[in-house]
Amino acid sequence: GYRSRSAYKLQQLDDRFDILFGGASVVDLGAAPGGWLQVAAERVGARGKVVGVDFQSISHFETDAGLETVRGDMTTEETREHVRTAANGSADVVISDMAPNMTGEYDLDHARSVHLARQALDTARELLDAGGHFVVKVFDGRDFQGFLADVEDEFAFVATNSPDASRDASSELYVVGKNRIVAPVAEGD
Ligand code: SAM
């Protein structure tokens, strides 16, 4: 079994959008307790690698894939630097299930969620090469469309999904960005 019910959400997203592949290197933000990491490790296989980060500890598990964990807060530059190092500076896929501690105050929870989603998008910009994929959780609300537009600037294909496994949490959405667009760097003379 998996460590979290969230694991099934990633399975569903991957079955539908084809994000994970054999040999891929995956960076998983907000990875504790490790359900998404388990699914990602299975699907990238022995030639693949998964890096999980969370400010909660993530215990290691038996896997053929490379597995590294980073403990820290993704809103700090220190942790982001650790993640870049653990990933050797690049990734094929960045996934984020980060969520704020819920206060029950809708606007505040939404704003915090969008802030975390933007951290994840920044990490995707830093680590993904052309063609890389991105999945991010975000709570719906007034800043959602602005965030979505920023994802659309970076990826050739973007979709918004509410996986079956999360139907009970109606404001929780996943944004999928496929095939990162990287403008060619002009050659100097
Ligand atoms: N995908 C995970 C799984 O399948 O096991 C579940 C993730 S849980 C829904 C959200 C996680 O985001 C929590 O473990 C929380 O600690 C983490 N998180 C929230 N804000 C964070 C931040 N700023 N930096 C790192 N992790 C964060």
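Note that this is a predicted model, so its numbers are computed, not measured.

Enquirer: So what exactly am I meant to see when it comes to the site of the ligand here?
Expert: Taken together, 22 residues surround the ligand, and among them Ser 4, Ser 6, Gly 30, Gly 35 and Asp 97 come closest. Elements that contribute at least two residues to the shell around the ligand include exactly α1 (6-17), α2 (35-44) and β2 (49-54). Partitioning the shell around the ligand into residue classes produces eleven nonpolar, seven polar and four charged.

Enquirer: Sorry, what's going on with the UniProt feature "binding site: S-adenosyl-L-methionine" (unreviewed entry) in the chain here?
Expert: Taking the numbering used here, the UniProt-annotated feature "binding site: S-adenosyl-L-methionine" (unreviewed entry) corresponds to Gly 34, Trp 36, Asp 54, Asp 73 and Asp 97. For Gly 34, the location among the structural elements is in the loop between β1 (25-29) and α2. For Gly 34, a count of 27 C-beta atoms within 10 Å translates into the label buried. In this structure, Gly 34 is in contact with Arg 3, Gly 52, Ile 58 and Phe 61, ignoring residues within four places of it in sequence. Summarising the element assignment, Asp 73 is placed in the loop between β3 (66-71) and α3 (77-86). Owing to 12 C-beta atoms within 10 Å, Asp 73 belongs among the exposed residues under this scheme. If near-sequence neighbours (up to four positions away) are discounted, Asp 73 is found in contact with Phe 55 and Thr 79.

Quick notes on the rules
Residues numbered from 1 in each chain as written. Predicted model: local features only at pLDDT ≥ 70, side-chain atom pairs only at ≥ 80, totals over all residues. Near = placed C-beta within 6 Å. Helix = DSSP H or I, 4+ residues; strand = E, 2+ residues; numbered from the N terminus. Nonpolar A, V, L, I, M, F, W, Y, C, P; charged D, E, K, R; others polar. UniProt positions renumbered as here; feature names shortened; annotations may be inferred. Buried ≥ 20, exposed ≤ 12 C-beta atoms within 10 Å, placed from the backbone. Contact = placed C-beta atoms within 7 Å.

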